[in-house]
Amino acid sequence: MSIVITGATGDVGSKVVEHLLLQGIRPRVFVRNAAKARSLFGERVDIFAGDLTDASSLRPALEGARALFLLYSGPRIPVLDAAATEVAGAAGIRHIVKLSSIDVEQNLAIGAWHEKGEAAIRTSGIPFTFVRPTGFMSNLLAWAPSIRREGMIRSSAGDGRRAFIHSADIAAVVARVLATSGYLGESLSITGPEALTFAEAATKIGEAIGRPVKFQTIGDEEAGERFAATGAPIEEVAAHVALWRGIREGRLGMVTDTVERVLGRKPVRLDQWAQENAAAFC
Ligand SMILES: NC(=O)c1ccc[n+]([C@@H]2O[C@H](COP(=O)([O-])OP(=O)(O)OC[C@H]3O[C@@H](n4cnc5c(N)ncnc54)[C@H](OP(=O)(O)O)[C@@H]3O)[C@@H](O)[C@H]2O)c1
């Protein structure tokens, strides 16, 4: 029976699809843009067009399927997770795997949105697995312009630590959970192998590109202004400032062995990610 992948045109979801294909599983992808999905996956997947903001559009993809990988971003996570779960229940889905966040453990910022989404799934009675990653290594790409321009990362995260995780490791864990129908009722908090300060992360990027990258601490207000200047909505800005404060206060530096427990290998180190992405910083 089929597995339905949402977020399939994004970073984690596209890698989940590739993992399933490698295991001989042909997934259904639920996407807003069918042409984008076709260009990514060709004829190797079944494409269902729709939009999570209209949960009823999910129904055709879910009919006769066994499992749903649910991924959505932003302040509407609680509402959209609840709506998708209701449709999944009516369609007889037997396993929801939700991409959540380790920040749920602190009920902090974006983690608070995911906590409400998890609650809706938990109370539905549908067997679930919550995959809760820490901060993605790919977040560091947001600093590519200032690294290229001035060799500098600025953040209000201060000396706080984060065990950044590679999206390939997240996708590998998700695919393992989906393919095995295992880990029912579990919340898998997954991290990279080492908790790094942003200054240490800057040093590693500097080593990968062959020139030093400095780190400068800024205040919450400046961090919020800089993020708002990218066009982010006000709720997203507030959530990110709270997130960086949480890191600064040492609340989000946890390291777990869950990737190794699930995959039987160590998670990828930031050094490798920086090598893979060096061109973005040059
Ligand atoms: N970044 C972090 O440090 C971090 C840490 C913990 C948890 N997370 C969680 O990870 C998730 C983001 O994963 P990601 O980085 O893989 O996402 P991403 O690369 O930004 O991709 C988002 C995906 O969702 C799809 N999408 C967006 N709105 C949709 C809608 N209304 N209906 C259907 N599909 C829609 C996008 O489709 P289009 O191609 O059409 O846009 C895309 O495929 C979020 O839930 C976030 O909270 C992130």
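Right, let's walk through the structure included here. Just so we're clear, the structure is a prediction, and the values are computed from it rather than from any experiment. (Residues numbered from 1 in each chain as written. Predicted model: local features only at pLDDT ≥ 70, side-chain atom pairs only at ≥ 80, totals over all residues. Heavy atoms only, no water.)

Next up on the list: the sheet that holds strand β2 (residues 28-31). Strand order in the open sheet formed by 7 strands is β3-β2-β1-β4-β5-β6-β9, with parallel pairing between adjacent strands. Looking at which strands have only one partner, the edges of the open sheet turn out to be β3 (46-49) and β9 (186-190). Strand-to-strand twist across the sheet, computed as the mean angle between neighbouring axes with direction ignored, equals 20 degrees. Sheet analysis places strand β5 (residues 95-99) next to strand β6 (residues 128-133), joined by 4 bridges and oriented parallel. Opposite Leu99, over in β6, you have Val131 as the bridge partner. Relative to β6, helix α5 (residues 110-124) is tilted by about 165 degrees, and along the sheet it contacts β4 (65-70), β5, β6 and β9. (Pairing = 2+ DSSP bridges. Helix = DSSP H or I, 4+ residues; strand = E, 2+ residues; numbered from the N terminus. Axes fitted to C-alpha atoms, helices over the stretch in contact; angles between N-to-C directions. Contact = heavy atoms within 4.5 Å.)

Let's shift gears to the side chain of His114. Considering the arrangement of structural elements, one finds His114 in helix α5. Exposure remark for His114: the relative accessible area of 7% places this residue in the buried category. Only 2.8 Å separates the side chain of His114 from the side chain of Lys98, close enough to count as a polar contact. The residues touching His114, leaving out its near neighbours within four places in the chain, are Tyr72, Ile77, Lys98, Leu99, Ser100, Ser101 and Val104. (Buried < 20%, exposed > 50% of the residue type's maximum accessible area, 1.4 Å probe, protein only. Polar contact = N/O pair within 3.5 Å; in protein donor to acceptor, adjacent residues only side chain to side chain.)

Okay, the packing of helix α4 (residues 77-91) against α5 next. Where α4 meets α5, the axes come as close as 7 Å, and the angle between the chain directions of the two elements is 20 degrees. Taken together, α4 and α5 sit at an angle that is classed as roughly parallel. The element α4 and its partner α5 pack so that their crossing is right-handed. Residue-level contacts link Ile77, Pro78, Asp81, Ala82 and Thr85 of α4 to Trp113, His114, Lys116, Gly117, Ala120, Ile121 and Ser124 of α5. (Parallel < 35°, antiparallel > 145°, perpendicular 65-115°, else oblique. Left-handed = near helix turned anticlockwise from the far one by under 90°.)

Near the ligand, the surroundings consist of 24 residues, among which Thr9, Lys36, Asp51, Tyr72 and Asn139 are the closest. Between the ligand and Val12 there is a distance of 2.9 Å, counted from an oxygen atom to a backbone nitrogen or oxygen. Take Tyr72: an N or O atom from its main chain is 2.7 Å from an oxygen atom of the ligand. Listing elements by their share of the shell around the ligand, those giving two or more residues are α1 (11-22) and α5. Here the residues of the shell around the ligand sort into 9 nonpolar, 11 polar and 4 charged. (Near = heavy atom within 4 Å. Nonpolar A, V, L, I, M, F, W, Y, C, P; charged D, E, K, R; others polar.)

So, about α1. Across its 12 residues, α1 extends 17 Å between first and last C-alpha, which sits within 8% of the 16 Å expected from 1.5 Å per residue. Buried within α1 we find Val12, Gly13, Ser14, Val16, Val17, Leu20 and Leu21. Where α1 is buried, its residues meet β1 (2-6), β2, α2 (34-41), β4, β5 and α7 (167-180). Of the residues trailing α1, Gly24 is marked for its positive phi of about 80 degrees. (Expected span 1.5 Å × (residues − 1).)

Our next topic: the environment of Ser146. The topology assignment puts Ser146 in helix α6 (residues 144-150). A residue is classified by how much of its surface remains accessible, and Ser146, at 11% relative accessible area, is buried. For Ser146 and Val213, which are 67 residues apart along the polypeptide, the C-alpha to C-alpha distance reads 9.7 Å. Setting aside residues no more than four positions away along its own chain, Ser146 makes contact with Gly151, Met152 and Ile153.

None of the figures reported here should be taken as evidence of function without further support.
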